[in-house]
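Single-letter residue listing:
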Amino acid sequence: MNKSLLSLAIGGFGIGLTEFVIMGILPDVASAFSISIPQAGHFISAYALGVVVGAPLLTGLGSKWPANKVLLGLMLWFTVFNTLSAFAKGYTSFLILRFLSGLPHGAFFGIGAVVAGKLSKPGKEAQGIAIMFSGLTIANLLGVPLGTYLGKHFSWNISFLMVGVVGILAVTGVKLWMPALKQSSENSFISEFKIFKRVELWLIILLTTIGTGGFFAWYSYIAPLITEVAGHPDQMVSLAMILAGLGMVIGNFIGAKMSEKFGPMQAIIITLVLMVVALIANTYLATDKILVLVMTFLIGTITFCISTPIQVAIIKVSKGSETLGSSLNQSAFNIGNASGAYFAGLPIAMGFGYTAADWVGATMAGTGIIIALVIMAIRQKQTKRKKALEACYS
């Protein structure tokens, strides 16, 4: 593997670890700070808010610096504040540190995706982006279960010290293996934001928010689905998380292949259609102890097929400000995280059961299909108009 891409994957591993390990140790953090679990949930929201704020802000501010130096700075920031999180003494300090830890997330993935594409062989840009995102998926497969185990059996602080160690490895990798690169953009900080005038950009952001929100509607309530619906013991949740993580690793690379073969938007539509089918099927199969585990793996595989195609799609539509557009997709992904969990929780709170979350997820993924079809219709209309103009002047 290209070592420069490996350094991005290590950074992705650290980001995936800090984003998801908190979910497994949330009761332990709540107990340590003498707060309720719902209050501890604010730490997840604070991190997501940091991602949403930091993605466009840090990407725009770093656009005039060489991309390798910006990536190094972002990883240093990430390492410092995640390490400090392990020493937080109370609710307020940990909340602030979680927000600060989330700031470099979107910018790192946004700039990293563009860099990964440029460092890859021609025609293999999607594979390069998939390698970077493989770090996040492997974090779900190996890092999060390990961090959760250490946090539960020893101390929650160890989970964040683990993130800090990974951050140091990522900083070292970027420093030693990332080649000298040009600045991320030739545009001024203000002109970078002109891409917000592009309707298609907003549609892809909306697609990411709602479409990937379908995944989080399911994933947020996977634990009670395994224990309450399927009737497994609590220990089986860890196995289910590993199966979902394994599916994410495989799906990430399948999605890259699909993007190269069919085009990013077609790959997105195929993925969302399969997601709708799988989530609806899961509402009927989740009561079976074996089939619920099979579906956990399949849904993890299917849903993460979308990660690379949707990143490629927004990079293409953000021509001239690729890194900013790429980072905005990470903001949308985290909004999808929060919205998917929120909307799926509504019917559960009304007493419709935990499989209701799958129906919400299927609805959100189905809405994503409609948005993708609208984007393709706009593109076809633009192509016809361009051909008509060319015919007039020929």
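Anything mentioned here points back to the structure above.
Residues numbered from 1 in each chain as written. Predicted model: local features only at pLDDT ≥ 70, side-chain atom pairs only at ≥ 80, totals over all residues. Heavy atoms only, no water.

Caption draft 1: Expanded view of the packing of aromatic side chains. Using the criterion set out here, one finds 20 aromatic pairs in the structure. Look at Phe94 and Phe160: their rings are 5.5 Å apart centre to centre, the planes differ by 85 degrees, and that puts the pair in the edge-to-face class. Of the two residues, Phe94 sits in helix 5 (residues 91–119) while Phe160 sits in helix 7 (residues 156–177), which places them 66 residues apart along the sequence. For the pair formed by Phe94 and Phe160, the shared burial category is buried. The interplanar angle of 55 degrees and the centroid separation of 5.9 Å between the aromatic rings of Phe215 and Trp218 together place this pair among those described as tilted. Residue Phe215 and its partner Trp218 are both found in helix 9 (residues 199–219); the two are separated by three residues, about one turn of the helix. Residue Trp218 is classed as buried on the basis of its relative accessible area, which comes to 1%. Following the ring pairs from residue to residue traces out a cluster consisting of Phe33, Phe43, Tyr91, Phe94, Trp156 and Phe160. (Phe/Tyr/Trp six-rings, centres within 6.5 Å; stacked < 30°, edge-to-face > 60°. Helix = DSSP H or I, 4+ residues; strand = E, 2+ residues; numbered from the N terminus. Buried < 20%, exposed > 50% of the residue type's maximum accessible area, 1.4 Å probe, protein only.)

Caption draft 2: Molecular detail of the side chain of Thr296. If you trace the backbone, Thr296 turns up in helix 13 (residues 289–303). At 2.7 Å, the side chain of Thr296 and the backbone oxygen of Val292 are in polar contact. Those residues in contact with Thr296 that sit more than four places away from it in its chain are Trp218, Ile222, Ile226, Ala240 and Ala244. (Polar contact = N/O pair within 3.5 Å; in protein donor to acceptor, adjacent residues only side chain to side chain. Contact = heavy atoms within 4.5 Å.)

Caption draft 3: Representation of the environment of Val199 within the structure. When you line up the elements, Val199 lands in helix 9. Under the relative-accessibility criterion, Val199 is labelled exposed at 57%. Once the C-alpha coordinates of Val199 and Ala278 are considered, the two residues, 79 residues apart in sequence, prove to be 31 Å apart.

Caption draft 4: Broad picture of the pattern of salt bridges. Inspection of the entire model under this criterion finds one salt bridge. Arg379 is the salt-bridge partner of Glu200, the closest N and O atoms lying 2.5 Å from each other. Taken together, the residues span a long stretch of sequence, with Glu200 in helix 9 and Arg379 in helix 16 (residues 356–393) at a distance of 179 residues. Owing to a relative accessible area of 27%, Arg379 belongs among the partly exposed residues under this scheme. (Salt bridge = Lys/Arg side-chain N within 4 Å of Asp/Glu carboxyl O.)

Caption draft 5: Representation of the side chain of Asn140. The topology assignment puts Asn140 in helix 6 (residues 125–153). In this view, Asn140 contacts Phe20, Pro145, Tyr219, Met241, Gly245 and Met248; residues no more than four positions away in its chain are not counted.

Caption draft 6: Up close: helix 1 (residues 3–24). With 22 residues, helix 1 should cover 32 Å at 1.5 Å per step; its first-to-last C-alpha distance of 31 Å lies within 8% of that length. If you look at helix 1, its biggest bend is around 25 degrees, right at Thr18. The element helix 1 is extensively covered by neighbouring structure, given that 17 of its 22 residues are classed as buried. (Expected span 1.5 Å × (residues − 1). Bend = angle between axes of the 7 residues up to and from the residue.)

Caption draft 7: Up close: the layout of surface pockets. Its volume calculated, the largest pocket comes out at about 1,100 Å³. Taken together, 32 residues make up the lining of the largest pocket; nearest its centre are Met23, Gly24, Leu26, Ser220 and Ala223. Contributions of two or more residues to the lining of the largest pocket are made by helix 1, helix 2 (26–33), helix 3 (37–61), helix 6, helix 9, helix 10 (222–229), helix 11 (236–262) and helix 15 (322–349). For the lining of the largest pocket, the element with the highest residue contribution is helix 6, accounting for seven residues. As a volume, the second largest pocket reaches approximately 320 Å³. Lining the second largest pocket are 15 residues, and of these Glu125, Ile129, Val312, Ile315 and Lys316 lie nearest its centre. Within the residue set of the lining of the second largest pocket, elements represented by two or more residues are helix 5, helix 6, helix 11 and helix 14 (307–317). Tallied by class, residues from the lining of the second largest pocket come to seven nonpolar, three polar and five charged. (1 Å grid on protein atoms, 1.4 Å probe; cavity = no way out; pocket = protein on both sides within 12 Å on 5 of 7 lines; lining within 4 Å. Points joined across faces, edges and corners; volume = space filled by probe spheres on them. Nonpolar A, V, L, I, M, F, W, Y, C, P; charged D, E, K, R; others polar.)

Caption draft 8: The nonpolar core, seen in detail. Counting 93 residues, the largest nonpolar core has Leu207 and Trp218 as the members making the most contacts within it. Other than its neighbours up to four places away in sequence, Leu207 contacts Thr212, Met265, Ile268, Leu272, Ile310, Gly368, Ile371, Ala372 and Ile375. Counting residues in each nonpolar core, the second largest holds 15 residues, with Ile25, Phe33, Ile35 and Ala40 among its members. (Core = buried A, V, L, I, M, F, W, Y, C linked by side-chain atoms within 4.5 Å.)

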